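Each chain, written out:
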Amino acid sequence: MNSMGKGLSPRGAALFQNCIAAVKPRLGDRVLQARHCMEPFSNLDTQAERLFALFRREDRWLITINADPDAMASAMALRRIMARRVAAVEIAKVNVITRPDNLAMVHYLRIPMHTLTPELLKKFDCFAIVDSQPSHHPGFSGINYSIIMDHHPIDPKNPPDAPFLEIHPEYGANATLLIEYLYSLRIRPGKLLATALFFGIKTDTMNFERSFQEADARAYQYLGRLIDQSLLLRIVRSEYHLQWLPYLTLALGRLHQVRSGLYTCIGEIENSDPLVFIADFLMRVHEVRWTAVCGVSEGKIVIIFRGDGITRNLGAFASQHFGDVGSAGGHKAMARAEIPLEAAEGRNVEFFVYKRLNSRSKQ
Ligand SMILES: [Mn+2]
């Protein structure tokens, strides 16, 4: 065992070895030996130097995102790193934020954001993208990025390219990567930034129910002391819009049990947000393994599936049951189907979907 691991309990020694394994790919052995083993994060001094080399006093920077909590937190962190090193640094989003907790985050953590437009782009000299890659959204296309920092896998057909490129698909949250940079640069995040980063990790790892790395857990623990608990609680508790609640009445009135799952239909809706809200809500019922919630929007039948990721692969389930009449698919624990209303041939939508869920069910 490495001499720095001596004198630790068996658990401590194991953690130490993990810590060595986690940082080794990034650091040469020489650097590693010189560093104290209890540092919570990898040493990014070399990368930070390369990053700083891009910043010039006269440049105006724009950080572009597809706004969700992890992306907004990452953008805030990069803005904090750039602040006072460049002429200006601002954030722009390509999407419209509708989720109530995301809206609460923008409001309580005071995150100023532009909407990305061609006119806005003209006002800036340099561009960065965080928690996403240029090929992920048409809004990012044609922008000459100097910085790309992301944790989504690289699409071999559209590999990202920039003078400064950091892609770490092994990280549960992009915020973790930014925390490592802040830590290396000895920038202690203020309350609002810390709370944003904490919420970013919390949502992207689904409270550590989704895949994460030890680095995510370490970052979460590190931030714990720096956040504003009451602001965090306000954001976390902003789960539902008041106008969604009548849908709950409709959903409960038309609830069907389909083996280990629950199905309901709420009829005409403006967008699929209430479907997601109800599908997630029903998943909290004891012993419910999966849920399907259907609504009709813009001439299409939309079905949202949520599940435990174990009982059945919902992506396959959705395509098996609805792939022949529309587009259907997704992941093990979340899936979606969209079917032209004509496929129901004038029949009642609630029962059209119910029959299909039942008839060809394998379980
Ligand atoms: Mn993310």
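Note that the coordinates shown come from a computational prediction; the quantities given were computed from them, not determined experimentally.

Colleague: Just checking my understanding: could you explain helix 7 (residues 174-184) for this structure?
Modeller: Along an α-helix, a turn takes 3.6 residues, which lines up residues three or four apart on a common side. Counting buried positions over the 11 residues of helix 7 gives 10, a clear majority of the element. Among all positions of helix 7, only N174, A175, T176, L177, L178, I179, E180, Y181, L182 and Y183 are buried. Positive phi shows up at R186, right after helix 7, with a value of about 55°.

Colleague: For this particular structure, what's the right way to read the confidence of the model for the protein chain?
Modeller: Mean pLDDT over the protein chain stands at 89; residues scoring 70 or higher make up 88%. Note on residues 1-7: pLDDT under 50 across the span, and 7 contacts to partners over four residues away in sequence or across chains.

Colleague: Mind showing me how you'd approach the environment of K202 here?
Modeller: Turning to its location among the elements, K202 is positioned in helix 8 (residues 191-204). Residue class for K202 comes out buried when judged on the 22 C-beta atoms lying within 10 Å of it. On a C-alpha basis, the gap between K202 and V236 in space is 9.8 Å, while along the polypeptide they are 34 residues apart.

Colleague: Would you mind showing me how to read the environment of T203 here?
Modeller: Position of T203 among the secondary structure elements: in helix 8. Ignoring sequence-local partners within four residues, the contact set of T203 consists of P69 and D70.

Colleague: Even after reading the chapter, I still don't get the packing of helix 4 (residues 69-82) against helix 8, so can you show me in this structure?
Modeller: Each pair of packed helices gets described by two things: the angle between the helix axes and the distance between those axes. Where helix 4 meets helix 8, the axes come as close as 8 Å, and the angle between the chain directions of the two elements is 145°. The element helix 4 and its partner helix 8 pack so that their crossing is left-handed. Across from P69, D70, M72, A73, S74, M76, A77 and R80 in helix 4, the residues of helix 8 making contact are L193, A196, L197, F199, G200, T203 and D204.

Colleague: Can you help me understand the nonpolar core in this one?
Modeller: Residues I63, M72 and L197 are the most contacted members of the largest nonpolar core, which totals 55 residues. Considering every element that reaches this core, the biggest residue donor is helix 4, with 8 residues. Discounting residues that sit within four places of it in the chain, M72 has contacts with I65, A67, M105, I111 and A196. Listed in part, the 31 residues of the second largest apolar core include L262, I304, F317 and L357.

Colleague: Is there a simple way to explain the sheet that holds strand 1 (residues 60-65) in this structure?
Modeller: In space, the 6 strands of this open sheet follow the order 3-2-1-4-5-6, with parallel pairing throughout. Sheet topology places strand 3 (114-115) and strand 6 (164-167) at the edges, where each strand pairs with a single neighbour. Here strand 5 (residues 145-150) runs beside strand 6; their pairing, made up of 4 bridges, is parallel. Each residue of the ladder has a partner; that of I147, found in strand 6, is F164.

What counts and how
Residues numbered from 1 in each chain as written. Predicted model: local features only at pLDDT ≥ 70, side-chain atom pairs only at ≥ 80, totals over all residues. Buried ≥ 20, exposed ≤ 12 C-beta atoms within 10 Å, placed from the backbone. Helix = DSSP H or I, 4+ residues; strand = E, 2+ residues; numbered from the N terminus. pLDDT = per-residue confidence, 0-100. Contact = placed C-beta atoms within 7 Å. Axes fitted to C-alpha atoms, helices over the stretch in contact; angles between N-to-C directions. Left-handed = near helix turned anticlockwise from the far one by under 90°. Core = buried A, V, L, I, M, F, W, Y, C linked by C-beta atoms within 7 Å. Pairing = 2+ DSSP bridges.

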